[in-house]
Amino acid sequence: MDESVRQAILTAVPSLRAFAISLCGSVDRADDLVQETLVRALANIDSFQPGTNMAAWLFTILRNHFRSEYRKRRREVEDTDGHYAESLKSQPEQHGRVEFSEFRTALSKLPTDQREALILVGASGFSYEEAAHICGCAVGTIKSRVNRARTRLAELMAIDGAEDFGPDQATRAVLVGNDRN
Amino acid sequence: MSDEKPTGRQKPMEATTTRNKKAPVKLSRDIQARLGQQLRSMYDDVVEQGVPDRFTDLLNRLDENGKKGKP
């Protein structure tokens, strides 16, 4: 493997992990997902075009792999009654380093397509165009998913979305005060 | 004329202040900023952990195999 390719892959790994954890909610599963992504990437490294965005390429592989695994597991749930539920129960609890915050809970309640769009644009720093490419959809679709994700998050976290009729203006001022500076 | 700030083309229904679950909620910039901050801080916590050894080892191993596999 070319040293520059190797470096580009290693540079993308931390962000790839963060994306995977945000997608599936478990560090262990996320790291397996990253590992499977790297194996796939290396097996298909000839299809990577030098000079293009390595991170975006790896994110695309991870995202597609996650989606197909997810679909497979959904089928398993339907096919083998109770079996998948058992396997979930036997999985270890989330590691302490993943803070089980209100925010994370709310994020996990978003539909997958909204969650991935929001993370790609809002945290990974991809442009709408890059996110659309990674998810294989139109730019407008990404924009609307991100908007719906934000609105839903605010609802789930019981933040009132409209400025004119908050439950308590004073509380809000405290909550958002830090962002003004 | 309405004394509301011009917010582009809005359907009259969306401009009213009655609570309606179906009406799209317009998030204030403060709330968007707050959500964005929480999302990034959750994400960056993981990014700051760097590259776990298992992935450096994996790349080394895959690279070795790749070299062996080639004539």
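Quick summary incoming for the structure in this document. If you're wondering where the values come from, they're calculated on a predicted model, not measured in any experiment.

### Comments concerning the nonpolar core
Core analysis: the biggest nonpolar cluster contains 48 residues, and Leu16, Ala20, Val34, Leu58, Leu62 and Ala131 of chain A have the highest contact counts within it. Elements that contribute at least two residues to this core include exactly α1 (3-24), α2 (27-43), α3 (54-79), α6 (112-122), α7 (128-135) and α8 (139-156) of chain A together with α2 (29-47) and α3 (53-69) of chain B. Sort the elements by how many residues they give to this core and α1 of chain A lands first, with nine residues. Shared between two domains, this core takes at least three residues from each, and those domains are domain 1 (1-98) and domain 2 (99-162) of chain A. If near-sequence neighbours (up to four positions away) are discounted, Ala131 of chain A is found in contact with Ala117, Leu120, Val121, Phe126 and Ile142 of chain A.

### Side note on the interface of chain B and chain A
Accessible area lost upon the coming together of the parts is a frequently used measure of interface size. Taken together, the contacts link 29 residues of chain B with 34 residues of chain A. Those elements giving two or more residues to the side of chain B that touches chain A turn out to be α2 and α3 of chain B. Take the side of chain B that touches chain A: its biggest share by element is 15 residues, from α2 of chain B. Of the residues assigned to the side of chain B that touches chain A, the class counts are 15 nonpolar, nine polar and five charged.

### Observations regarding α8 of chain A
Its 18 residues place the ends of α8 of chain A 26 Å apart at the C-alpha level, agreeing with the 26 Å of an ideal helix rising 1.5 Å per residue. Of the surrounding secondary structure, the elements contacted by the buried residues of α8 of chain A are α5 (102-108), α6 and α7 of chain A together with α2 of chain B. Looking one or two residues beyond α8 of chain A, the residue adopting positive phi is Ala158 of chain A, at roughly 55 degrees.

So, how was this worked out
- Residues numbered from 1 in each chain as written.
- Chains lettered and ligands numbered in written order.
- Predicted model: local features only at pLDDT ≥ 70, side-chain atom pairs only at ≥ 80, totals over all residues.
- Core = buried A, V, L, I, M, F, W, Y, C linked by C-beta atoms within 7 Å.
- Buried ≥ 20, exposed ≤ 12 C-beta atoms within 10 Å, placed from the backbone.
- Helix = DSSP H or I, 4+ residues; strand = E, 2+ residues; numbered from the N terminus.
- Domains from an automatic or database assignment.
- Contact = placed C-beta atoms within 7 Å.
- Nonpolar A, V, L, I, M, F, W, Y, C, P; charged D, E, K, R; others polar.
- Expected span 1.5 Å × (residues − 1).

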